[in-house]
Amino acid sequence: MPDRDDNIQLRVENIHMAFGGVAALRSVSIRVQRGEIFSIIGPNGAGKTVLLNCISGLYRPQRGRILFEDQDITPLRPYQRARLGLARSFQKIELFRGMTVLDNIRLGRHVHMHTNLLQAGVYLGPAEKEELAHRDFIEREIIDLLEITHIRNKVVGMLPYGLQKRVELARALALQPKLLLLDEPMAGLNLEEVEDMARFILDVNEEKRWRVTCVLVEHDMGVVMDISNHVAVLNFGEKIAEGTPSHVQQDERVIQAYLGEKEDLYATRR
Amino acid sequence: MQRGGNRQRAREIEITPDLTIPKVFVRAVQTYGNKVAMREKEYGIWRPLTWNEYYERVQAIALGLTELGLQRGDKVALIGDNRPEGLWAEMAVLCAGGIAVWLYQESLIDEVQFIVDHSDAKFMIVEGQEEVDKALTIKDKCPKLTRIIWDDPKGLRHYDDPALLSLEQLMERGRELAEQEPHRFNDMIKVGVGEDVALLFYTSGTTSAPKGALLTHWNMLKMGQNLMRVDPAFETDDFVSFLPFAWIGEQMMSISCGIQAGFTINFPEEPESALEDLREIAPQVMFSSARLYEQMVRGIQVKYADATWLKRKVYEWGLNVGYAIADAKFEKKPVAFPTRLQWYIADALVHRALRDHLGLARIRNAYTGGSAIGPDHFRFFHAIGVNLKQIYGQTEIAGISVLHRTDDVKLDTVGKPIPETEVKIADDGEILSKSPAVFKGYYKNPEATAKTLRDGWLHSGDSGFIDPDGHLVFFDRSKDIMILSDGRKFSPVFAESRLKFSPYIKDAWVIGHQRPYVTAVICIDYGVTGRWAESKGIAYTSYQELSQEPRVLELVRQAVERVNQGLPEVARVRRFVNLFKEFDADDDELTRTKKLRRGFLEERYRLIVEGLYSDAPEVRFETGITYEDGRTQKIDARLKIVDVEQARGQG
């Protein structure tokens, strides 16, 4: 593949990540195109979340580099990457449980706030204007999109798990990311919630106002195969296949990695 | 008790035979102009819309529909949540001389298809993707349906069916036409007369396929007027529209009374947030089904159970004082001074807070209709100072014929006929009524019309009697009457509504017609019972498991036993089971207005009923469930049968 493909938004090049003697990632490379849904799958312990953590900056790989929109972001810290337009959600919910849904989402807007402490203290004038603009954005583009209007003033800790997952997506969106990293967005959801979540991801990906590239780590094969444009398969820290969902499904090594059972690819919904 | 600040009331409109809903609407626009006609909560803010803006939208839609080929007398099917667009569309259809057919938002495909096809609807005005999907699915089977108009673009980006059109585009066309022919809209309205059919309303039907009742402009206007002769509404009032438009009660308030009294109609943000939004508006008038009031009481009972000791004690005391006052009011007895004094304190400490919490802080008249509400619920609301009144009526009489009067409320009655309405009891006990609001007949169903409408009298199918005070007492639909073992008639609804006063019981189905004794099938409330179970450290994973948990069964048994104490000996529930699921309208177990469909239940749960009348300690129930997408699931449930009296030994 030519290296100067304009359409590549995220490029992970030969990264290597080891924890002590355990190599979690061995020279893994992926390319994510602008505007696509890219899924990373693999058996437990394959290194999927490690890869995601490397991209978001939580881990720093020992070798290799990560380029986001042709900028080398390998040395950047997570918050610096967030500013560039990388947002993520977590496998286990990492929200502020004692705060309301709205406050959690507002927090995600923080990188876009220009008001300083003094202005915020006075509030009137520019601070007020900015606050209102942000609130308007949150209401129109996030709360309405994700259908969480009825819980906007509820405390997060009191909500059912499925809704908390949605709030986490909402907070990630508040960053107005160019690329969204989703770590197992479907984990622990019931069938109806999974369908909702899949639709929200598609909305965020396709809706004109958003058009966010999504990279997701996911166990739910049904969802992955349905919504992804490209899939990368990891096994024991190595990428063993990459391509379109139908291509990956037929790959011998992938089938083997999933215990040699073809059906298993579809039947991993717990 | 009267609340509601400074009130202004428009002079009563004289309803002449040429008057139509659109004409009254235009009059209201001229009178109120820049006053707020409706509000919708959107993006967290209440956004007002004046009467002039309302008019402009209605005009655009009406002319747009005409452009598409809507003729006078054509039917337009409407489906969607309560939202301003729904009301504009309906008003526009009426202005263009069309007939509005409302469908329940959650109606399944078969129901939608039946109604759209049977009503000969030419257009469908729907809300969003879900409804568009339904409309597209049935389109091929309903050849008369030509266009589908939607208003919420969400999720519709890939839809390109040529039958689809957005409401925005439709209004654009209408606006162009309005510019070319500025008088067109008014001319359309002028042609209408009161005898024209305005609404084709499909009754939910506890027993058979839905029947379409034809209601005229005259029916609707007269009914609204007569209701407001009893309980005037004011232009300063607020009303919250959150029950389905396909329910006649909602039409009564939003369409008929709304344009006559000029009050503001408020639309909640989402159905899920309706109760919170209700609180923000605190309406003066409210009309709702018994379900909602039951849900409110359940909410309070749950909060009470979670409260601290002191708060519980204050609540209990305040409520007892309230009950004393309410009972005195029901019996029209004077209240002793000490009680009155206590009441002032209780009202300040407890009742006011409860009313505020429920969104009833400013309520003047709260109506309940549709199905009977239990006496316990009724007393509760009066105890906290909410003027709750029962309404009785059918779709066929535009929703209302009998109503409680303020200060003349009796627990077991539904009140007295509204003006211009006669109610009498036939020899066989059937309730007959006659008023200007009696419908024209059923659409394409002359047999049913002939059966229901005889010499201008509406045969309700309900039975009842008129008590010495002139109040009507009614026993739900005739089919809901049970003949007990001693030959006595008894209303299962009465026992059911009392059972539902327990916060743990969401639904109850009482069986006993021509049976040796009375039994019940109970659906626990998952949320409330689940929380109770958690507080007791009981682990469970599903509704089914929780419902069969021995301690939960005991909890329900105690509730049943308490209710039994207030029932005549032969009507007492002897045995019951907890069902493994809640009753659901999607499974045909309830009507869309959430009434039990007994015939269907009897058939579906035959095994359970047999078990209840055998000596078996449990009953096994196997069945398959088919989901909407065609998947099937097997259910194999073992339900424990509980003897209510067993704890006290057999005797």
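As the structure is a prediction and not an experimental result, all values here were calculated from the model.

(A) Focus on the overall build of chain B. Along chain B, the regular secondary structure elements total 21 helices and 29 strands. At 25 Å, chain B has a C-alpha radius of gyration in line with the 26 Å of a compact globule built from 651 residues. A principal-axis box enclosing the C-alpha atoms of chain B has dimensions of 85 × 65 × 55 Å. Residues counted as buried form 49% of the 651 residues belonging to chain B. Long-range contacts, defined as pairs at least 24 residues apart, comprise 66% of the intrachain contacts of chain B with a sequence gap of at least 6.

(B) Representation of the pairing of strand β5 (residues 121-126) of chain B in the model. Residue and element names in this part refer to chain B. Burial analysis of β5 places six of its six residues in the buried class, which makes it a mostly covered element. Judged from the five bridges that link them, strand β3 (residues 75-79) and β5 form a sheet pairing that is parallel. Following the sheet pairing, Leu78 is matched in β5 by Ile125. Inspection of the sheet shows β5 paired to strand β6 (residues 147-150) by four bridges, in the parallel sense. Of the residues in β6, the one forming a bridge with Val126 is Trp150. Note that the unit made of β5, helix α5 (residues 129-139) and β6 has a crossover that is right-handed.

(C) How the structure looks around the packing of helix α12 (residues 309-330) of chain B against helix α14 (residues 375-383) of chain B. All names here are of chain B. Relative to each other, α12 and α14 sit at 105°, their axes nearing to 8 Å. One finds that α12 runs roughly perpendicular with respect to α14. Here Leu319, Gly322, Tyr323, Ala326 and Lys329 of α12 lie close against α14, whose contacting residues are Arg379, His382 and Ala383. Residues belonging to the contact of α12 with α14 are distributed by class as follows: four nonpolar, two polar and two charged.

(D) Expanded view of the nonpolar core. Membership of the largest hydrophobic core comes to 188 residues, with the highest contact counts inside it found for Leu78, Ala92, Met124 and Ala520 of chain B. Per element, the largest residue contribution to this core is nine residues, and it comes from helix α2 (residues 51-68) of chain B. Contacts of Ala92 of chain B, omitting those with residues within four sequence positions, involve Val58, Ile61, Ala62 and Leu65 of chain B. Counting 69 residues, the second largest nonpolar core, distinct from the first, contains Leu51, Cys54, Ala172 and Val233 of chain A.

(E) Seen up close, the domain arrangement of chain B. Segmenting chain B into domains produces domain 1 (21-225 + 243-259), domain 2 (288-437 + 461-477) and domain 3 (481-648). Just the C-alpha atoms count here: the centres of domain 1 of chain B and domain 3 of chain B sit 40 Å apart.

About the cut-offs
Residues numbered from 1 in each chain as written. Chains lettered and ligands numbered in written order. Predicted model: local features only at pLDDT ≥ 70, side-chain atom pairs only at ≥ 80, totals over all residues. Helix = DSSP H or I, 4+ residues; strand = E, 2+ residues; numbered from the N terminus. Rg over C-alpha atoms; globule rule 2.2 N^0.38 Å. Buried ≥ 20, exposed ≤ 12 C-beta atoms within 10 Å, placed from the backbone. Contact = placed C-beta atoms within 7 Å. Pairing = 2+ DSSP bridges. Right-handed = clockwise from strand over helix to strand, strands pointing away. Axes fitted to C-alpha atoms, helices over the stretch in contact; angles between N-to-C directions. Parallel < 35°, antiparallel > 145°, perpendicular 65-115°, else oblique. Nonpolar A, V, L, I, M, F, W, Y, C, P; charged D, E, K, R; others polar. Core = buried A, V, L, I, M, F, W, Y, C linked by C-beta atoms within 7 Å. Domains from an automatic or database assignment.

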